[in-house]
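# Close look at the chain arrangement
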Amino acid sequence: FDILVRGGTTVWKLGVTVRVPVDPSQGESCDPPTNRFDLGLSDLQQAVLAAYCEPLTKGRMEPATHKEVAAALNYHPNTVREILYEIWALMFAHEVPMPDVSDKRVAVAEAARVHGLLWNQT
């Protein structure tokens, strides 16, 4: 629904969206992110992102290294590094909030985790 706010010379229209309550037993978070980001990642970009994030799902404190991802996907470390930088650039272009850290592995993996980007890709 919309709310109209009348100012001195202007009327502002505020759009309000109500979120449907989520049942925690369905396996989803009780508070899903308000903004959903669709980066349009290719299959290879999705695989690389998943490989960097995989250690985080197992309780490790930081994402996989370039060498670990390269070995898992059978690519050269420079190739997966470049793909990671492409993903970072897409996130930046789509204004996905990311931590302000120099390590792009950490920034991309944390943004993917926080915003559910691995699980929202089609």
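Residues numbered from 1 in each chain as written. Predicted model: local features only at pLDDT ≥ 70, side-chain atom pairs only at ≥ 80, totals over all residues. Heavy atoms only, no water.

### Concerning the packing of aromatic side chains
Within this structure, the stated rule accounts for one aromatic pair. When the centroid spacing of 5.4 Å and the interplanar angle of 15 degrees are considered together, the rings of Trp-88 and Phe-92 count as stacked. In this pair, Trp-88 and Phe-92 both sit in helix α3 (residues 77-93), four residues apart, roughly one turn of the helix. For Trp-88, a relative accessible area of 26% puts it in the partly exposed group. The ring of Tyr-85 carries Lys-104 above its face, with NZ or CZ at 5.4 Å from the centroid. (Phe/Tyr/Trp six-rings, centres within 6.5 Å; stacked < 30°, edge-to-face > 60°. Helix = DSSP H or I, 4+ residues; strand = E, 2+ residues; numbered from the N terminus. Buried < 20%, exposed > 50% of the residue type's maximum accessible area, 1.4 Å probe, protein only. Lys NZ or Arg CZ within 6 Å of the ring centre and 35° of its normal.)

### A short note on the confidence of the model for the protein
When pLDDT is averaged along the protein, the result is 84; 83% of the residues meet or exceed 70. Looking across the protein, the model is least confident in helix α5 (residues 117-120), with a mean pLDDT of 66, and most confident in helix α2 (residues 66-73), with 96. (pLDDT = per-residue confidence, 0-100.)

### Things to note about the pattern of salt bridges
Counting across every chain of the model gives six salt bridges. A salt bridge links Lys-13 to Asp-2; the nearest nitrogen and oxygen atoms lie 3.4 Å apart. Of this pair, Lys-13 sits in strand β2 (residues 11-15) while Asp-2 sits in strand β1 (residues 2-6); the two residues are eleven residues apart in sequence, bridging distant segments of the chain. Taking the relative accessible area as the measure of exposure, Lys-13 reaches 59% and is therefore exposed. Note that Arg-105 is salt-bridged to Glu-62, the shortest N-O span being 3.7 Å. Placement of Arg-105 in helix α4 (residues 104-115) and of Glu-62 in the loop between α1 (43-57) and α2 is noted, with a sequence separation of 43 residues between them. Residue class for Arg-105 comes out buried when judged on its relative accessible area of 9%. On the accessibility criterion, Glu-62 (40% relative accessible area) is partly exposed. (Salt bridge = Lys/Arg side-chain N within 4 Å of Asp/Glu carboxyl O.)

### Notes on unusual backbone geometry
One non-glycine residue, Asn-74, adopts positive backbone phi at about 65 degrees. If you trace the backbone, Asn-74 turns up in the loop between α2 and α3. You can call Asn-74 exposed: its relative accessible area is 70%. For Glu-95, which is not glycine, the phi dihedral falls at a positive 60 degrees. Here Glu-95 is to be found in the loop between α3 and α4.

### With respect to the pairing of β2
Along any regular strand, the residues point their side chains to alternate faces of the sheet. Relative to β2, β1 runs antiparallel, the two being bridged by five bridges. Bridged to Val-5 within β2 is Trp-12. What sits between the antiparallel neighbours β1 and β2 is a turn of four residues. (Pairing = 2+ DSSP bridges.)

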